[in-house]
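One letter stands for each residue in the lines below.
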Amino acid sequence: MSIMGIGPNILGYANETVDRKVIEAIQMGNMSTFNCPEEVELAEKLVSMHHWADMAKFAKSGGEANSIAVRIARAATGKDKVAFCGYHGWHDWYLSSDIGTGTLKEHLFEDTGIAGVPKALAGTSISFVWNDLDSLKAVIDNHKGEVAAVKMEVTRNILPAEGFLEGVRDLCTNNGIVLIFDECTSGFRETFGGLHLKYGINPDLAVFGKALGNGHAVTAVVGRKDVMEGCNSTFLSSTFWSERTGFVAGLATLKEMERLKSWDVITAIGEKVQTIWERAADSTGVSITTGVIPAISTFGFTNSERSSEYRSYMTKELLKHNIVGGNLFFASTAHADVSLKEYEGLVTEIFRTIKKRELGDIGQLVDDKEFAGTTFRRLN
């Protein structure tokens, strides 16, 4: 009842159908001199799912794919700077935004180290605020003619305000800026493809990862031809980008998603889990807030001073019953066969104990050494 391998296993762990295809590919030779045909097939499949897109380029990890998208945008526009909101990996283009600013504390990290990131990159990536169109306008105005790309998720924990995504799209179009939607996490959760399909706002580039290969390493950048052809004027290469198993896994995973209508299945499961949390909170008097994408369900304790203690206690108690869990849950189609009755009972009992702590009836719920870390968090 947790994050399913940091989010990739949308069909459950060790999905037999996907893994069988991967094993067959390994037995036939997973790495060869030429690109495998499945690479072309996967590109065609992803492009067919996104009518605005014409081409695709592949990598192995989400941060890597995001960096590729930024490089393509810079190459296509001849401009250097990136306006971003949210989390997009660990590479220099992103972490450089923190040099002399501490800006990442506003987007993801309570505290992070950026040692090793060249100081000369300071000012090349500039943050803006989610749901605040004026903050993006200010970045564009303050760096007139210098912004190559706007980089953002479609949504995560807070829904886009009315007109926000449309406004971002218009700003990019009117200023010759490449709009990049980072769909590494959100892709395939509520739609068969990118979450932007739900909102009807098309980017110029979109980045996919995590669920695309059901645990096998494959990520993709898809985009419009006039932007993607920026690849032709820069150097992007890796020995293992053409490794076969990722493409095979991607094709098999998409086929299973389509067969099962996985986006509907995992949304329904996520809604059930959110209902369990909300029902337990209501019955015990514990105050929580829940996230907005059911298939990536999350909740937070509104008592921020003790939230780390409460999360730590919840994980500790669930582990006593051989359940891995906390306040973040990635739904998979495999959860459709899981009874949630025991989980609901445990959550209710855990919340009941937390309420006693709130009232001062009992002391601290975990030892100091058992506190969960709070470094990695999202503010958007």
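Look above for the structure.
My aim in this report is to walk through the structure given alongside it, one point at a time. Given the structure is predicted, the values throughout are model-derived calculations rather than measurements. (Residues numbered from 1 in each chain as written. Predicted model: local features only at pLDDT ≥ 70, side-chain atom pairs only at ≥ 80, totals over all residues. Heavy atoms only, no water.)

## Quick notes on helix H3 (residues 62–77)
Then step 1. Here H3 contains 16 residues, and its C-alpha end-to-end distance of 23 Å stays within 8% of the 22 Å for a straight helix at 1.5 Å per residue.
Then step 2. Remark: glycine 78 follows H3 within two positions and exhibits a positive phi of approximately 75°. (Helix = DSSP H or I, 4+ residues; strand = E, 2+ residues; numbered from the N terminus. Expected span 1.5 Å × (residues − 1).)

## Description of the pairing of strand S9 (residues 296–301)
Then step 1. Counting buried positions along S9 gives five out of six residues, so the element sits mostly inside the fold.
Then step 2. A loop of five residues connects strand S8 (residues 288–290) with S9, the two strands running antiparallel in sequence.
Then step 3. Relative to strand S10 (residues 328–330), S9 is paired through three bridges, and the arrangement is antiparallel. Its bridge partner lying in S10, serine 297 is registered against phenylalanine 329. (Buried < 20%, exposed > 50% of the residue type's maximum accessible area, 1.4 Å probe, protein only. Pairing = 2+ DSSP bridges.)

## Some thoughts on the packing of helix H2 (residues 37–49) against helix H9 (residues 244–260)
Then step 1. Viewed as axis vectors pointing N to C, H2 and H9 meet at an angle of 40°, and their least axial separation amounts to 8 Å. Accordingly, the angle class assigned to the pair H2 and H9 is oblique. Two packed elements cross with a definite hand, and for H2 against H9 that hand is left-handed. Where H2 approaches H9, its residues Glu38, Glu39, Glu41, Leu42, Lys45, Leu46 and Met49 are matched on the opposing element by Arg244, Phe247, Val248, Gly250, Leu251, Leu254 and Glu258.
Then step 2. When grouped by side-chain class, the residues that make up the contact of H2 with H9 number seven nonpolar, one polar and six charged. (Axes fitted to C-alpha atoms, helices over the stretch in contact; angles between N-to-C directions. Parallel < 35°, antiparallel > 145°, perpendicular 65-115°, else oblique. Left-handed = near helix turned anticlockwise from the far one by under 90°. Contact = heavy atoms within 4.5 Å. Nonpolar A, V, L, I, M, F, W, Y, C, P; charged D, E, K, R; others polar.)

## Thoughts on the pattern of salt bridges
Here the idea is simple: oppositely charged side chains can pair when their charged atoms come close.
Then step 1. Summed over all chains, the structure comprises 18 salt bridges.
Then step 2. Between lysine 144 and aspartate 141 there is a salt bridge, with its nearest N and O atoms 3.8 Å apart.
Then step 3. For lysine 144, a relative accessible area of 57% translates into the label exposed.
Then step 4. The closest approach of N and O atoms between glutamate 153 and arginine 156, which form a salt bridge, is 3.7 Å.
Then step 5. Residue glutamate 153 is classed as buried on the basis of its relative accessible area, which comes to 2%.
Then step 6. Its relative accessible area of 9% is what places arginine 156 among the buried residues.
Then step 7. Connected through salt bridges with shared partners, the residues Arg169, Asp204, Arg224 and Asp226 form a single ionic network. (Salt bridge = Lys/Arg side-chain N within 4 Å of Asp/Glu carboxyl O.)

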